[in-house]
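So you can see what is in the structure, the chains are spelled out below.
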Amino acid sequence: EMAGGIEDEGEWEEIRGEDWFRSAQAVASEESFFHWELEFPEAFFGEDGKKLDQAGFDAVIGNPPYVVIEGLLEDYLRGRYDSPQYFVDLYHVFIEKGINLSNQEGRFGYIVPEPWLTQENTESLRTVILEESRLNRITRFDKKVFADATVDTITVHLQNSPPGETEIVQCDNSENSISNLDQINSLPQTEFTEKEYKRIEVRQTAEEQQILAHITD
């Protein structure tokens, strides 16, 4: 409702004079709050001020922080997001937030650590991804992307739409560029959901997977 009244300077002048508004502005200035819908209204609202049916971004890309959070911020994030489990790493909630910020059919791409794909204590994060988005592709790299990183990294490509097929891709990044993209496997996303702890296994090629299936049978 307020978005539709922005053009009326008289109404805004009255709002600015309210004690609650001045107090809110002071807190916002001190804490540096960031409201996506206010910062990017064109992605969420129409010209009439009403929320769009296709509210959200067409694309969300990034390299989120890999930082474990404790204290009051941890408590807040646990209460607001579904992905935190044994510990709260910022990139977990950044993934969930990125999905939520995408519009229907919106695309999402992050570069993140690889271990969460199979760790027992990150099942909640996998559940959010597998149940709330389409996991289009996971790309693995032959060499470390970040020289000072202690774990391998991957890129995750999601879409804000029902589950589908997931491509597993291996690429050569030895010359500080990406080349020789090789699709080593393609699996129904539901296959991950049905596994114990919803593990997302990306190290096996399609051929290796077939051999293992024959052995276990």
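As shown above, the structure is provided for reference.
Anyway, here's the lowdown on the structure attached to this text. (Residues numbered from 1 in each chain as written. Predicted model: local features only at pLDDT ≥ 70, side-chain atom pairs only at ≥ 80, totals over all residues. Heavy atoms only, no water.)

**Examining the overall build of the protein**
Step number 1: Along its length, the protein carries nine helices and eight strands.
Step number 2: Its C-alpha atoms give the protein a radius of gyration of 21 Å, clearly above 17 Å, the size a compact globule of 217 residues would have.
Step number 3: For the protein, the proportion of its 217 residues judged to be buried stands at 36%.
Step number 4: Of all intrachain contacts in the protein linking residues separated by at least 6 positions in sequence, the fraction that spans at least 24 positions is 58%.
Step number 5: Element-wise, carbon and sulfur atoms account for 49% of the exposed surface of the protein, whose accessible area totals about 13600 Å².
Step number 6: Computed over 18 positive and 45 negative side-chain charges, the separation of the two mean positions in the protein equals 5 Å. (Helix = DSSP H or I, 4+ residues; strand = E, 2+ residues; numbered from the N terminus. Rg over C-alpha atoms; globule rule 2.2 N^0.38 Å. Buried < 20%, exposed > 50% of the residue type's maximum accessible area, 1.4 Å probe, protein only. Contact = heavy atoms within 4.5 Å. Areas by Shrake-Rupley, 256 points an atom, 1.4 Å probe, with all protein chains shown as cover. Lys, Arg positive; Asp, Glu negative; His and termini not counted. Charge placed at Lys NZ, Arg CZ, Asp CG, Glu CD.)

**Observations regarding unusual backbone geometry**
Step number 1: For E105, which is not glycine, the phi dihedral falls at a positive 75°.
Step number 2: Tracing the sequence through the fold places E105 in strand β4 (residues 102–113).
Step number 3: One non-glycine residue, K198, adopts positive backbone phi at about 55°.
Step number 4: With respect to the secondary-structure elements, K198 resides in the loop between α8 (189–193) and α9 (206–216).

**Quick look at the nonpolar core**
Step number 1: Among the nonpolar cores identified, the biggest contains 28 residues, and I95, V112, W116, I129, L135, I138 and I200 are the most heavily contacted of them.
Step number 2: Of all the secondary structure elements, the ones that give two or more residues to this core are α4 (41–44), β1 (57–62), α6 (90–101), β4, α7 (123–132), β5 (134–141), β6 (153–159) and β8 (179–188).
Step number 3: In terms of nonpolar packing, the next biggest core, distinct from the first, is built from six residues, I69, L77, V88 and V93 among them. (Core = buried A, V, L, I, M, F, W, Y, C linked by side-chain atoms within 4.5 Å.)

**Quick look at the side chain of S102**
Step number 1: In this structure, S102 sits in strand β4.
Step number 2: In this structure S102 comes out as buried when scored by relative accessible area, which is 4%.
Step number 3: Here the side chain of S102 touches G98 through a polar contact of 2.9 Å, landing on its backbone oxygen.
Step number 4: Every residue in contact with S102, bar those within four places of it in the chain, is listed here: A55, G56, F57, V60, R107, F108 and N160. (Polar contact = N/O pair within 3.5 Å; in protein donor to acceptor, adjacent residues only side chain to side chain.)

**Focus on the sheet that holds β1**
Step number 1: If you trace the six strands from one edge of the open sheet to the other, you get β1-β4-β6-β5-β7-β8, paired in mixed fashion. On the outer flanks of this sheet lie β1 and β8, each paired with one strand and no other. Within the sheet, the average angular offset between the axes of one strand and its neighbour, ignoring direction, is 15°.
Step number 2: Pairing of β4 with β6, which is carried by seven bridges, proceeds in the antiparallel orientation. Paired with P113 across the strands is T153, a residue of β6.
Step number 3: Packed onto the sheet, α6 meets β1, β4 and β6 and runs at close to 160° relative to β4. (Pairing = 2+ DSSP bridges. Axes fitted to C-alpha atoms, helices over the stretch in contact; angles between N-to-C directions.)

**Re a nonpolar patch on the surface**
Step number 1: On the surface, a cluster of nonpolar side chains totalling about 270 Å² of accessible area is made up of F34, W36 and F40.
Step number 2: Within the secondary structure, F40 is located in the loop between α3 (36–39) and α4.
Step number 3: Residue F40 is classed as partly exposed on the basis of its relative accessible area, which comes to 30%. (Patch = residues over 30% accessible without salt bridge, like charges linked within 9 Å, V, L, I, M, F, W, Y side chains within 5 Å. Salt bridge = Lys/Arg side-chain N within 4 Å of Asp/Glu carboxyl O.)

**Some details on the environment of N185**
Step number 1: You can see N185 is positioned in strand β8.
Step number 2: According to the relative accessible area criterion, N185 is buried, its value standing at 7%.
Step number 3: In this structure the C-alpha to C-alpha distance between N185 and L117, which are 68 residues apart in sequence, comes to 16 Å.

**Thoughts on the packing of aromatic side chains**
Step number 1: Under the definition given, this model contains ten aromatic pairs.
Step number 2: Ring geometry for W36 and F57: centres 5.9 Å apart, planes at 80°, overall edge-to-face. Taken together, the residues span a long stretch of sequence, with W36 in helix α3 and F57 in strand β1 at a distance of 21 residues.
Step number 3: Exposure remark for F57: the relative accessible area of 17% places this residue in the buried category.
Step number 4: Taking the centre distance of 5.4 Å and the plane angle of 80° together, the rings of F40 and F57 count as edge-to-face. In this pair, F40 sits in the loop between α3 and α4 while F57 sits in strand β1, placing the two residues 17 residues apart along the sequence.
Step number 5: Ring-pair connections join several aromatic residues into one group, and the members of that group are F34, W36, F40, F44 and F57. (Phe/Tyr/Trp six-rings, centres within 6.5 Å; stacked < 30°, edge-to-face > 60°.)

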